[in-house]
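One letter stands for each residue in the lines below.
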Amino acid sequence: MKITEDTIRHVAKLARLAVSDEDVAKLAPQLNDIMGYNEQLQALPLDEVPPTSHPFALYNALRDDEPRPGLTREQALANAPDSDGEQVRVPAVLEG
Amino acid sequence: MTIHSVKAILESLQKKETSPLDWVEASLAEIANKDGKVQAFLHVDAEGARQRAQALEGSGGLLGVPYALKDNLCTEGMPTTAASRILENYIPPYSATVANKLAAAGGVLVGKTNMDEFAMGSSTENSAFQKTRNPYHLDHVPGGSSGGSAAAVAAGMVPFALGSDTGGSIRQPASFCGVVGLKPTYGRVSRFGLIAFASSLDQIGPFTRTVEDAAYVLQAISGHDPLDSTSAPQPTEDFTAALTGDVKGLRIGVVTDFDMSGVDPEVKAAVDGAIAKLQAAGAEVVEIQLPHSQYAVATYYLIAPAEASSNLARYDGVRYGKRAAGETLLEMYERTRSEGFGIEVKRRIMIGTYALSSGYYDAYYLRAQKMRTLIRQDYEAAFEKCDVIVTPTAPTPAFRFGEKVDNPLQMYLNDVFTIPANLAGLPGISVPCGLTQSGLPIGLQMVGRAFDERTLLRAAHAYEQVRGFEMPAPEVNG
């Protein structure tokens, strides 16, 4: 699978990254190298092997659903780039 | 006052020869004297550290010992940037569990250390803010991603520091900077408040000057945490009690099927010398095989970017961090992320997005997870025959700035010996085992069984006792 400049533009869009033409020209061969190296897993007989998503068997970690103290509104908004003091503010999501 | 080991500081404090404030002042003086050149710290909280030292009470295990944290560990009220523009002005409203535990043990935080942005890198050159230099050779990298923590301990600015290790980010910089670096078993230390890179691989651990100090610090930071659902139920153990100095009968596994062609001859000689010393001290050397480890780097560079691409989706300019202006929400997201992330972070987000994207998931991510199973099973088989596995920590000593930065694949291959332990979730440690002709440190890696840090630390400590030399302090001034 060859990673072209178009692949980079497509993936950047999926990842919500704006990339310059210069970035695209640099990233395409680099990602091609890296994915080319990773390609060595393709030829191996892995069909019967179960996947590992975590190093050890994990069990659901549950707790009682009881109210506990959390961040105050002021704390939660302290790092927001734009807020009206009660909620974060963002550019229009829907037009009109 | 020279900053050496945690143990020496604790002894001096217990005898009342010195006060916690004395050690904070000593640490700040070393930082003032050396950090202009080394550039290990992103943030030094001198006044806060003095106040914390004066307010200390109780009898914690690290009472009065100054330390530093990698800047991806959240500290309430103190900047935490992960060395990224996107978090340049971020001040967390809470602290990481490890920071709370160290504070409860009486440790005194003096500052936050430099790193590769979001812990992605092996040289700390990917920091958005500054280059950290190797205290042993200022035109060489300190390793990464926890390069600032490694350099701060190596240069004697703090007796210990914490880092995080996803594919070698504690052990490799420890190797490059001539200090001890311990990656505990996955789950041993709570990740709550660690800015996530790859959640199934990340683990927090200490940089120290001695193995005994690493045991002290591990004791203080380990244990189950209800705030991290992946933290293990295993109770904290008395790790220092395991350091008997005795390796008689301990089985040291030497891997016979690793490709050693990329290993620097001086590194190989130093590691062989270390194995011989362990053998002379009574350890038994056993040959073992890890046949699937040759695929570890490829496996890692699918799994880690995939997890990163999902973890880093949260940086969208809405609730915290940088925001770039945009007419629409989508434009705001794209501009924020493009201006906020450096090139290596973008590269990894894109690899991960690609590997997880429609039509490729089975071919890449799922196959990598299957290979992860085989790599883990190799270790299980090997640990039937041995108690710890010994390899070089990194194939080379510290390299020069710029040497690998434009060739990401070369940079990734530097992690060939450290990555397998992350994939298998096993504890690993790097201990200095020599210096090259040109004065660069070399690290010996030992990997142990899951949750058997006691045996791992015992082996590493015993090696330290028979090593036959002390790491010379690097000369950094002005």
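Residues numbered from 1 in each chain as written. Chains lettered and ligands numbered in written order. Predicted model: local features only at pLDDT ≥ 70, side-chain atom pairs only at ≥ 80, totals over all residues. Heavy atoms only, no water.

When helices and strands are counted, chain B shows 15 helices and 11 strands. Its C-alpha atoms put chain B at 70 × 55 × 45 Å along the principal axes. Considering chain B as a whole, with its 478 residues, one finds that 65% of them fall into the buried category. Within chain B, contacts between residues separated by at least 24 positions form 76% of all contacts whose residues are at least 6 apart in sequence. Accessible surface computed for chain B: about 15,200 Å², of which carbon and sulfur atoms make up 48%. Counting 42 positive and 52 negative side-chain charges, chain B places the averaged centre of each group 1 Å from the other. (Helix = DSSP H or I, 4+ residues; strand = E, 2+ residues; numbered from the N terminus. Buried < 20%, exposed > 50% of the residue type's maximum accessible area, 1.4 Å probe, protein only. Contact = heavy atoms within 4.5 Å. Areas by Shrake-Rupley, 256 points an atom, 1.4 Å probe, with all protein chains shown as cover. Lys, Arg positive; Asp, Glu negative; His and termini not counted. Charge placed at Lys NZ, Arg CZ, Asp CG, Glu CD.)

All names here are of chain B. Of all hydrophobic cores here, the largest spans 142 residues; its most connected members are Phe118, Ile429 and Met446. Once residues within four sequence positions are removed from consideration, Ile429 is found in contact with Arg171, Val180, Gly181, Leu182, Val211, Leu444, Gln445, Met446, Leu456, Leu457 and Ala460. Of all hydrophobic cores here, the second largest spans 28 residues; its members include Val108, Ala154, Phe207 and Met471. (Core = buried A, V, L, I, M, F, W, Y, C linked by side-chain atoms within 4.5 Å.)

So, about the environment of Pro233 of chain B. Here Pro233 of chain B shows up in the loop between helix H7 (211-221) and strand S7 (251-255). Each C-alpha atom of the pair Pro233 of chain B and Ala104 of chain B lies 20 Å from the other, and the pair is 129 residues apart in sequence.

All right, on to the packing of aromatic side chains then. Aromatic ring pairs are described here by two measures, namely the spacing of the ring centres and the angle between the planes. Residue and element names in this part refer to chain B. Under the counting rule described, the total for this entry stands at 17 aromatic pairs over all chains. Here the aromatic rings of Tyr354 and Tyr364 are separated by 5.8 Å at their centres, their planes lie at 40 degrees, and the arrangement is tilted. Residue Tyr354 is located in helix H11 (residues 343-356), and its partner Tyr364 is located in helix H12 (residues 362-385); the two are separated by 10 residues in the primary sequence. Here Tyr354 falls in the buried class, since its relative accessible area comes to 3%. The class of Tyr364 is buried, set by a relative accessible area of 3%. Members of the aromatic cluster, joined through ring pairs, are Tyr90, Phe118, Tyr315, Tyr320 and Phe341. The aromatic ring of Phe399 is capped on one face by Lys404, whose charged end is 4.9 Å from the ring centroid. Above the ring of Phe469, the side-chain terminus of Arg467 is found at 4.9 Å from the ring centroid. (Phe/Tyr/Trp six-rings, centres within 6.5 Å; stacked < 30°, edge-to-face > 60°. Lys NZ or Arg CZ within 6 Å of the ring centre and 35° of its normal.)

The next point concerns the interface of chain B and chain A. As a measure of interface size, the accessible area lost when the parts come together is often cited. Every contact between the two is made by 65 residues of chain B and, on the other side, 52 residues of chain A. Of the roughly 5,300 Å² buried at the junction of chain B and chain A (both faces included), carbon and sulfur atoms supply 67%. Looking only at chain B, the three residues that lose the most surface to chain A are Met350, Tyr354 and Arg367 of chain B, adding up to 14% of its buried area. For the interface between chain B and chain A, the tally reads 1 salt bridge. Here Asp82 of chain A and Arg323 of chain B are joined by a salt bridge, their closest N and O atoms 3.9 Å apart. (Buried area = accessible area lost by both parts, 1.4 Å probe. Salt bridge = Lys/Arg side-chain N within 4 Å of Asp/Glu carboxyl O.)

Residue and element names in this part refer to chain B. The topology assignment puts Thr2 in the segment before helix H1 (6-14). Overall, the relative accessible area of 67% leaves Thr2 in the exposed class. C-alpha separation for the pair Thr2 and Val158, spaced 156 residues apart in sequence, amounts to 10.0 Å.

Let us look at the packing of helix H9 (residues 296-311) of chain B against H11 of chain B. Residue and element names in this part refer to chain B. Across the interface, H9 lies against H11 with an axial gap of 7 Å and an inter-helix angle of 100 degrees. In terms of their interaxial angle, H9 and H11 are classed as roughly perpendicular. The residues of H11 that touch H9, namely those facing Tyr301, Leu302, Pro305, Ala306 and Ser309, are Arg348, Ile349, Ile351, Gly352, Thr353, Ala355 and Leu356. Of the residues contributing to the contact of H9 with H11, the split by class is 8 nonpolar, 3 polar and 1 charged. (Axes fitted to C-alpha atoms, helices over the stretch in contact; angles between N-to-C directions. Parallel < 35°, antiparallel > 145°, perpendicular 65-115°, else oblique. Nonpolar A, V, L, I, M, F, W, Y, C, P; charged D, E, K, R; others polar.)

Of the residues in chain A, 96% reach a pLDDT of 70 or more, and the chain-wide mean stands at 91. Confidence, expressed as mean pLDDT per element, reaches its minimum in chain A at helix H2 (residues 21-38) of chain A with 93 and its maximum at helix H1 (residues 5-14) of chain A with 96. (pLDDT = per-residue confidence, 0-100.)

With that out of the way, let us pick up a nonpolar patch on the surface. A cluster of nonpolar residues, Val88, Val90, Val93 and Leu94 of chain A, forms a patch on the protein surface that exposes about 360 Å² of accessible area. The partly exposed category is assigned to Val88 of chain A, whose relative accessible area is 33%. (Patch = residues over 30% accessible without salt bridge, like charges linked within 9 Å, V, L, I, M, F, W, Y side chains within 5 Å.)

What follows covers H1 of chain B. Since the α-helix packs 3.6 residues into each turn, any two residues three or four apart lie on the same face. Residue and element names in this part refer to chain B. Burial in H1 covers these residues: Val6, Ile9, Leu10, Ser12 and Leu13. On an axial view of H1, the arc spanned by its buried residues comes to 165 degrees, and they lie on one face. The elements touched by buried residues of H1 are helix H2 (20-38), strand S4 (160-165) and H7. Lys16, located one to two residues past H1, shows a positive phi value of around 60 degrees. (Arc of directions from axis to C-beta.)

This part covers the confidence of the model for chain B. When pLDDT is averaged along chain B, the result is 96, and 100% of the positions lie at 70 or above. The ipTM value of the predicted complex is 0.94, and its pTM value is 0.97.

Residues and elements named next belong to chain A. Relative orientation of the contacting elements H1 and H2 amounts to 105 degrees, with a least axis distance of 8 Å. The orientation of H1 relative to H2 falls into the category roughly perpendicular. Residue-level inspection shows Glu5, Ile8 and Arg9 of H1 in contact with H2, the latter providing Asp21, Val24, Ala25, Leu27, Ala28 and Leu31.

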